[in-house]
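# Coordinates in review
Listed below, chain by chain, are the residues.
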Amino acid sequence: MSESEEDVDLPRFFKVFLSETASESMAIPMSFNEHLEDPLPQTAKLQGIGGGVWTVSFKKIRDCAYFTSGWSKFAEDHELKDGEFLTFAYDGSHTFEVSVFGRSGCKEIRAEVETVEFSDANSDKEEEEDSSVVADSNEEEDEGDDDSSFIAGEDDEVSQSLSHVDSDDTVSNAEGFSNLEVESNPCFTTTLKNRIYELLIPANVVKEHGLTFCDRVKYIDGEGIMHGAKGKWSDDRICFKGWDRICRRNRLKERDTVHCEMLHIRKKVHTIKITVTRGRG
């Protein structure tokens, strides 16, 4: 995770790795308990800066929370050595983003997964080949570029980093992220629109929950993570770009329903979790 301005507010803690005590499990400082859910979820996600995601068991033993089953796999894949320094940034739900600092004191990228960058040429080719997503996609792209009602932010680029999801943690689109969902998170549903390039956040949901938004958000679906830059319509409605990548990757059709769960820290949304329910017919 590249540390950006919106990440500064995330609760964090650090640990020094010692194989004698942390090869099979990792204890979380008791002072961090105030940031954790009660009761504690059964599992947590550890996201390395190399792009991978590991699922670990999350348990509380004598008032201290531990990463247990699955932690040894994370430690092995990251080749952790005695004396190395780890930082954990908590998203307020179930995910910890973990950075590893080697003995030299420098942050190191380990367990790196392949990153796929989509060029405009590739996007046009995908639109032509994938007729199941939306018709006349080239016309829609022109509309997105010329539409005066849309005001893009200064950072108009959308990075497309695909993160590996462990096979035993992959769920069907119908089930989505059922074991990760938190009822208190604001949610809304949407469907495939003619304009697929932005995800529009319903104004009533924003107002009801008093939400603000980071300049960039993470989209998380069953395939991994993508990022989208914030934009704004002329009537001040909030939207996020890069939504067409999610539509293509999930091969959305008109009858499909998309459930969007917004994860936030003190009402500032940083992540949108995606669950697709397939329509019939």
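Throughout, a residue's number is its position along its own chain's written sequence, starting from 1. Given that the model is predicted, a residue must reach a pLDDT of at least 70 before its local features are reported, and side-chain atom pairs must reach 80 or more before they are shown or counted; all residues, however, enter totals for whole chains, interfaces and linings. Processing note: side-chain calculations cover all non-hydrogen atoms of the structure and skip hydrogens and water entirely.

Taking an unreviewed UniProt entry as the reference, the chain is identified by name as TF-B3 domain-containing protein belonging to Brassica oleracea var. oleracea. UniProt positions are given in the numbering used here, feature names are shortened, and annotations may be inferred rather than shown by experiment. Quoted verbatim from the Subcellular location (unreviewed entry) heading of the UniProt record, the comment on the chain is "Nucleus".

## What to know about the overall build of the chain
When helices and strands are tallied, the chain shows six helices and 16 strands. Counting every position in the chain, which comprises 281 residues, the buried fraction comes to 46%. Contact criterion: two residues are considered in contact whenever any of their non-hydrogen atoms come within 4.5 Å of each other. Excluding contacts between residues fewer than 6 apart, the proportion of contacts in the chain whose partners are at least 24 apart in sequence is 66%. Put simply, DSSP marks the helices as runs of H or I at least four residues long and the strands as runs of E at least two long, and each gets a number from the N terminus on. Partly exposed describes any residue whose relative accessible area lies between the buried limit of under 20% and the exposed limit of over 50%, with all areas from a 1.4 Å probe on protein chains only and scaled to the type maximum.

## A look at the nonpolar core
The nonpolar side chains of soluble globular proteins are, as a tendency, buried together. Residues belong to a common nonpolar core when they are buried Ala, Val, Leu, Ile, Met, Phe, Trp, Tyr or Cys residues joined through side-chain atoms within 4.5 Å. Counting 26 residues, the largest nonpolar core has I201, F213, Y219, W243, M262 and I272 as the members making the most contacts within it. Those elements giving two or more residues to this core turn out to be α5 (203-209), β12 (212-221), β14 (238-241), α6 (243-249), β15 (257-265) and β16 (268-277). The residues contacting W243, other than those within four sequence positions of it, are T190, I196, Y197, E198, L199, Y219, V258, C260 and I274. Counting residues in hydrophobic clusters, the runner-up holds 25 residues, among them A22, F74, L80 and V100.

## Considerations on a nonpolar patch on the surface
Together, F14, V16 and L18 make up a nonpolar patch on the protein surface, roughly 280 Å² of accessible area in all. If you trace the backbone, V16 turns up in strand β1 (residues 12-16). Like charges within 9 Å and nonpolar side chains (Val, Leu, Ile, Met, Phe, Trp, Tyr) within 5 Å are joined into patches, using only residues over 30% in relative accessible area that form no salt bridge. Areas reported as accessible are Shrake-Rupley estimates using a 1.4 Å probe. Residue values count occlusion only from the protein chains shown. The working definition used for a salt bridge is a side-chain nitrogen of Lys or Arg within 4 Å of a carboxyl oxygen of Asp or Glu.

## Describing the pairing of strand β7 (residues 95-101)
Among the seven residues that make up β7, seven are buried, leaving the element largely enclosed by the rest of the structure. Burial along β7 is two-sided: the face carrying T95, E97, S99 and F101 and the face carrying F96, V98 and V100 are both buried. Two strands qualify as a pair provided DSSP detects at least 2 bridges between them. Bridge count between strand β3 (residues 43-48) and β7: four bridges; the pairing is parallel. Bridged to Q47 within β7 is E97. Note that strand β6 (residues 85-90) and β7 share six bridges and pair antiparallel. Pairing of Y90 across the sheet is with F96, part of β7.

## Thoughts on unusual backbone geometry
For the peptide bond that leads from D38 to P39, omega is 5°, which places it in the cis range. By the secondary structure assignment, P39 is in the loop between β2 (26-27) and β3. Positive phi, close to 70°, is recorded for D63, a residue that is not glycine. The topology assignment puts D63 in the loop between β4 (53-61) and β5 (64-67). You can call D63 exposed: its relative accessible area is 52%.

## Here's the deal with the packing of aromatic side chains
Here a Phe, Tyr or Trp ring, Trp counted by its six-membered ring, pairs with any other such ring whose centre lies within 6.5 Å, and the pair is stacked when the planes are under 30 degrees apart, edge-to-face when over 60, and tilted otherwise. In the structure shown here, the tally under the stated rule is 17 aromatic pairs. Ring plane angle 75° and centroid distance 6.3 Å describe the contact between F13 and F96, whose orientation is recorded as edge-to-face. Here the residue F13 occupies a position in strand β1, and F96 occupies one in strand β7, the gap between them amounting to 83 residues. Residues F13 and F96 agree in their burial class; the two are buried. Seen in terms of ring centroids, F213 and F240 are 5.8 Å apart; in terms of plane orientation they differ by 55°. Their pairing is tilted. With a gap of 27 residues between them, F213 in strand β12 and F240 in strand β14 connect regions that are remote in the sequence. The same class applies to F213 as to F240, namely buried. Clustering of aromatic rings is evident, with ring pairs tying together F13, F32, W54, F58, F67, W71, F74, F88, Y90 and F96. The positively charged end of R237 is found above the aromatic ring belonging to W233, 5.4 Å away from the centroid. Both a distance and an angle decide whether a charge sits over a ring: NZ of Lys or CZ of Arg must be within 6 Å of the ring centre and within 35 degrees of the ring normal.

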